[in-house]
Amino acid sequence: MIVFLAILRDLGPYVWFIVGALFLIAEVMLPGVNLIWFGVAASATGLVDLAVPLGWELQMVCFLAISAISVVAARMITMRSISTGTEEVNRGPSSMIGRELALADPIVNGTGRALFADSTWRVAGADQPAGTRVRVVGIDASTLVVEPVER
Amino acid sequence: MIPFDLGVNLYLIAAAVLVFVVIVAAVKTVPQGMHYTVERFGRYTRTLKPGLNILTPFVERVGDKLNMREQLLDVPSQEVITRDNATVTANGVTFFQVLDAARAAYEVTDLDNAILNLTMTNIRSVMGSMDLDELLSNRDEINQRVLRVVDAAVDPWGVKITRIEIKDINPPPETTAAMTRQMKAEREKRAMVLEAEGDRAAAVARAEGEKQSLILAAEGRREAAYRDAEGRERTAEAEARATEVVSTAIEEGSIQAINYFVAEKYVGALRDIAAAPNQRTLILPIETAATLGSLAGIAEIARDAFSGGPGPASPAPEGGGPRPSPREIERAVEAVIARTASPVPTITPDNDTPDSATAEVPPGESRIERIRRLTTRNDALGARLSGETEDR
């Protein structure tokens, strides 16, 4: 650390660019570790130091602050993309809401089975005879909440 | 190296390290197809979805990482005793999908093992309730029944069983051999039945054909008999007509006409005998004299016919003398026959036997026409000779 600080003091802002590049390389090479924030923050700190020469303490504070901010900003951006519905695969049975199915077994005492995708799914709803067409209106784990299709 | 004043700066360095570690620990990227459960002080609070997630540092941590994709469990081979006490080996495969990560993580320990055991025991119970034959032919039903039971059982775990498939059902080798024999016997039986049916159909068809052909042949014979009968009728008619014509001719003409015919036939027969290719020596019968006598009679007829004048014995009645009575004609014919009688076979006028008359006649002439022609030709003779006939 002392060596790093000494190099930092001697080389000035360019050290931050080197460090940022190393973080980004590590981000790509190492699986399961998130270092992109630090790479981005180091590069940003280098730019700040180039513009406004700061003491090394301030540079350090700047680096940590930008790291935290970048994480939060990235989180907010991804949250927005999720809310706009870019998730298209592996949504589970929630993709079945609104679908019409035929009952394979009658619904007795609130539970029965419906045909879907060459398998049968547990359904819950008002009692119906087998063969009735029902619409999925909700999901409860692996049980589909259904109501009869109005004809 | 310039020494630093580490008094204040040491705190700053410690803070930097802390922030670094916190950021690394709090930021969680969840890959697609996985859900992470989050525990706050060991208690489940929420589930992390795929994407970038931030945990509250120190307070929250990731509890369980669950695969939300459809997964496959190989059900190992197990011995199953069927209802009819046959021991079979069965294995299969189960497909399941975690739909609720929290339930799958906290409602059950070792989810895969639990599903596997549940599947195995249910395969055992479903297959144990069936006979071996049912077992081998009703896999779909087994799959469905096991699926229903296991799916209902795993519902509290937030898991959906999408499929359970029995892969192999292996009866013991002796049973397999017996089944093969049975199958073979069954097919042989079918083959034999089919062959027998084929033979039967062929025999019926053949008999049918024979019957048809016999009927047709009989019809043909019947038709032919009708035609034959008709022909015979016609022949008889013609015969009657011919006889009538001849008798009319005789009645109206002379008995010499008959003599002429008989003589002609006689000579024709002799010529035929003489011309027979297999007999070079002609042995004349004892009654040669009689034959010669008949020849003499012919000569006499010829002489009378061509002499141009009436015979010396009696004058020929010109135009219309007294006609000979039928009785007289009969007697005259008898006399001629008696005179010409000989062992030489008499040639009877018959359709099938060619005679001299036929040979002279152009083809296509019917018998009646021939008789009429001959009669007409001889009428002149007959008329002239009628007087002599009376004398004999």
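Here is what the cut-offs are and how they apply
- Residues numbered from 1 in each chain as written.
- Chains lettered and ligands numbered in written order.
- Predicted model: local features only at pLDDT ≥ 70, side-chain atom pairs only at ≥ 80, totals over all residues.
- Heavy atoms only, no water.
- Axes fitted to C-alpha atoms, helices over the stretch in contact; angles between N-to-C directions.
- Helix = DSSP H or I, 4+ residues; strand = E, 2+ residues; numbered from the N terminus.
- Parallel < 35°, antiparallel > 145°, perpendicular 65-115°, else oblique.
- Left-handed = near helix turned anticlockwise from the far one by under 90°.
- Contact = heavy atoms within 4.5 Å.
- Nonpolar A, V, L, I, M, F, W, Y, C, P; charged D, E, K, R; others polar.
- Pairing = 2+ DSSP bridges.
- Core = buried A, V, L, I, M, F, W, Y, C linked by side-chain atoms within 4.5 Å.
- Buried < 20%, exposed > 50% of the residue type's maximum accessible area, 1.4 Å probe, protein only.
- Phe/Tyr/Trp six-rings, centres within 6.5 Å; stacked < 30°, edge-to-face > 60°.
- Lys NZ or Arg CZ within 6 Å of the ring centre and 35° of its normal.

The axes of two packed helices give the description: the angle between them and the distance between them. Residue and element names in this part refer to chain A. Packing of helix α2 (residues 14-29) against helix α3 (residues 36-51) leaves a shortest axis separation of 7 Å and a crossing angle of 165 degrees. Here α2 lies roughly antiparallel to α3, going by the angle between them. Crossing angle aside, the handedness with which α2 passes α3 is left-handed. Residue-level inspection shows Tyr 14, Trp 16, Phe 17, Val 19, Gly 20, Phe 23, Leu 24 and Glu 27 of α2 in contact with α3, the latter providing Ile 36, Phe 38, Gly 39, Ala 42, Ser 43, Thr 45, Gly 46, Leu 47 and Leu 50. For the contact of α2 with α3, the class distribution of residues is eleven nonpolar, five polar and one charged.

What follows deals with the sheet that holds strand β3 (residues 43-48) of chain B. Residues and elements named next belong to chain B. One open sheet accounts for three strands, arranged β3-β2-β5; its pairing is antiparallel. This sheet does not close on itself; its edge strands, each paired only once, are β3 and β5 (60-67). Here the average twist between neighbouring strands, direction ignored, is 30 degrees.

Let us now look at the nonpolar core. Residues and elements named next belong to chain B. Counting 36 residues, the largest nonpolar core has Leu 111, Ile 115, Met 127, Ile 142 and Val 159 as its most contacted members. The set of elements that each furnish at least two residues to this core consists of β6 (70-81), β7 (87-98), α2 (101-106), α3 (111-128), α4 (132-137), α5 (139-154) and β8 (159-170). Not counting residues up to four positions away in its chain, the partners in contact with Ile 115 are Leu 73, Thr 94, Phe 96, Val 154, Trp 157, Val 159 and Ile 161.

All names here are of chain B. Look at α3 against α5: their axes get within 9 Å of each other, and the N-to-C directions meet at 140 degrees. Here α3 is positioned oblique relative to α5, judged by the angle of their axes. As α3 runs across α5, the sense of the crossing is right-handed. Contacts between α3 and α5 involve Ile 115, Leu 118, Thr 119, Asn 122, Ile 123, Val 126 and Met 127 from the former and Ile 142, Arg 145, Val 146, Val 149, Val 150, Ala 153 and Val 154 from the latter.

Let's shift gears to unusual backbone geometry. A positive phi angle is found at Asn109(A), which is not glycine, with a value near 55 degrees. Along the chain, Asn109(A) falls in the loop between β1 (100-108) and β2 (111-116). Here the phi dihedral of Asn85(B) falls at roughly 65 degrees; this positive angle occurs in a residue that is not glycine. Looking at where Asn85(B) falls in the secondary structure, it is placed in the loop between β6 and β7. By relative accessible area, Asn85(B) is classed as exposed at 65%.

Attention shifts here to the packing of aromatic side chains. For the structure shown, the criterion picks out nine aromatic pairs over all chains. For the ring pair Phe23(A) and Phe20(B), a centre distance of 6.0 Å and an interplane angle of 40 degrees mean the geometry is tilted. In this pair, Phe23(A) is assigned in helix α2 and Phe20(B) in helix α1 (residues 6-26), connecting two distinct chains. Ring geometry for Tyr44(B) versus Tyr106(B): centroids 5.4 Å apart, planes at 50 degrees, classification tilted. Of this pair, Tyr44(B) sits in strand β3 while Tyr106(B) sits in helix α2, placing them 62 residues apart in sequence. With a relative accessible area of 37%, Tyr106(B) lands in the partly exposed category. Over the ring of Trp121(A) we find Lys160(B); its NZ or CZ atom is 4.7 Å from the centre of that ring.

Remember that the coordinates give geometry; whether it matters functionally is a separate question.
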